[in-house]
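# Per-entry structural report
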Amino acid sequence: MYKKCVSLVSKEGEFDFMLWEKIIDWCESEVDFLPGERETVRFGLEMCADSVLKLLGLMITGIFLGKWTEFVVVLLFFCSLRIWAGGKHCKTSIGCFLFMLLTCIVSVFGSEGLRTFGRQTMVVIWLVCVILVALYAPFPSTQNPSIGEETRKKKRTGACVWIIFEGACICFIPDVRLAWMCLSAIVIEVITLLPINYKRI
């Protein structure tokens, strides 16, 4: 599985591939790798660097827009639920970054218009999200195409518990705009779980 994922991050002959090879050569000179561990280490290093670069890009954009704290809150609500529920993944790293950036922008700026709606509307939308998570989580992705039934049940239970926890947190947020911002992040994550995304895996 990790070999397939590695091919999505860098390819042989590319600059970043050669850079990782140099770093791994140094690591291997310090620690003896077991057979097959070289690819695993490279995958881990690339994914770590990829995640850090995405986060930096999002934070820089947030600072530029004067909304970096809001970006952090949106990512916390979106990513923490995604850990349990999964969701549709983009095929490229830049696609993933752009989707996360769009999630932040839509949630942060969309909440300005949604603040006119009352808390009752928020509760209804949140309840619909809870039902959808209970029905469709975890999402079958290319990174995790098949998991055991026991693991699936644990992930679904965890996703349901977490979205309920997030809903409870939103209830205690006095700022209606901020509450809508957090709920918007949840809604976007839930949309990535829907069956309409299955044929695009």
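See above for the structure.
Presented here is a report on the structure given in the accompanying data block.

Conventions adopted
- Residue indices follow the written sequence of each chain, beginning from 1 at its first position.
- Whole-chain, interface and lining totals are the exception, using all residues; otherwise, since this is a predicted model, local features are given only for residues with pLDDT of at least 70 and side-chain atom pairs are given and counted only at 80 or more.
- For the side-chain quantities, the full set of heavy atoms in the structure was used; hydrogens and water were omitted.
- Remark: nonpolar core denotes a set of buried residues (Ala, Val, Leu, Ile, Met, Phe, Trp, Tyr, Cys) joined through side-chain atoms within 4.5 Å.
- Three exposure classes are used, based on accessible area relative to the maximum for each residue type with a 1.4 Å probe and protein chains only: buried under 20%, partly exposed in between, and exposed over 50%.
- Each helix corresponds to a stretch of at least 4 residues labelled H or I by DSSP, and each strand to a stretch of at least 2 residues labelled E; elements are numbered beginning at the N terminus.
- Here, two residues are considered to be in contact whenever any of their heavy atoms come within 4.5 Å of each other.
- Within this document, salt bridges are pairs made up of a side-chain nitrogen of Lys or Arg and a carboxyl oxygen of Asp or Glu, the two lying within 4 Å of each other.
- Helices are assigned an expected span. That span is 1.5 Å times one less than the residue count.
- The axes are straight lines fitted to the C-alpha atoms, using for helices just the contacting stretch, and the angles between their N-to-C directions are given from 0 to 180°.
- Each crossing gets its hand from how the near helix is turned against the far one by less than a right angle, where anticlockwise is left-handed and clockwise is right-handed.
- Here the nonpolar group is Ala, Val, Leu, Ile, Met, Phe, Trp, Tyr, Cys and Pro; Asp, Glu, Lys and Arg are the charged ones; every other residue, Gly included, is treated as polar.

### Comments concerning the nonpolar core
Of all hydrophobic cores here, the largest spans 36 residues; its most connected members are L58, V133, I163, I170 and I186. Going through the elements one at a time, α3 (37-65), α4 (68-85), α5 (93-114), α6 (119-136), α7 (149-171) and α8 (176-191) are the ones with two or more residues in this core. A per-element tally of this core places α8 first, with nine residues. Excluding residues within four positions of it along the chain, I186 makes contact with F77, L81, C129, I163, E166 and I170.

### With respect to the pattern of salt bridges
Using the criterion set out here, one finds six salt bridges in the structure. A salt bridge links E70 to R177; the nearest nitrogen and oxygen atoms lie 3.5 Å apart. With a gap of 107 residues between them, E70 in helix α4 and R177 in helix α8 connect regions that are remote in the sequence. For the residue pair E70 and R177, the accessibility class agrees, reading buried in each case. For E112, the salt bridge is made with R115, and the minimal N-O distance between the two is 3.2 Å.

### Structural notes on α4
With 18 residues, α4 should reach 26 Å at 1.5 Å per residue; the first-to-last C-alpha distance of 25 Å fits that figure. Listing the buried residues of α4 in full gives E70, F71, V74, L75, F77, F78, S80, L81, R82 and A85. Positive phi appears at G86, one or two residues downstream of α4, with a value of about 75°.

### Regarding the packing of α4 against α8
Relative orientation of the contacting elements α4 and α8 amounts to 35°, with a least axis distance of 9 Å. Crossing handedness for the pair α4 and α8: right-handed. Along the contact surface, α4 presents E70, V73, V74, F77, F78, L81, R82 and A85, while α8 presents R177, L178, M181, C182, A185, I186, I188 and E189. Here the contact of α4 with α8 is composed, by residue class, of 12 nonpolar, no polar and four charged.

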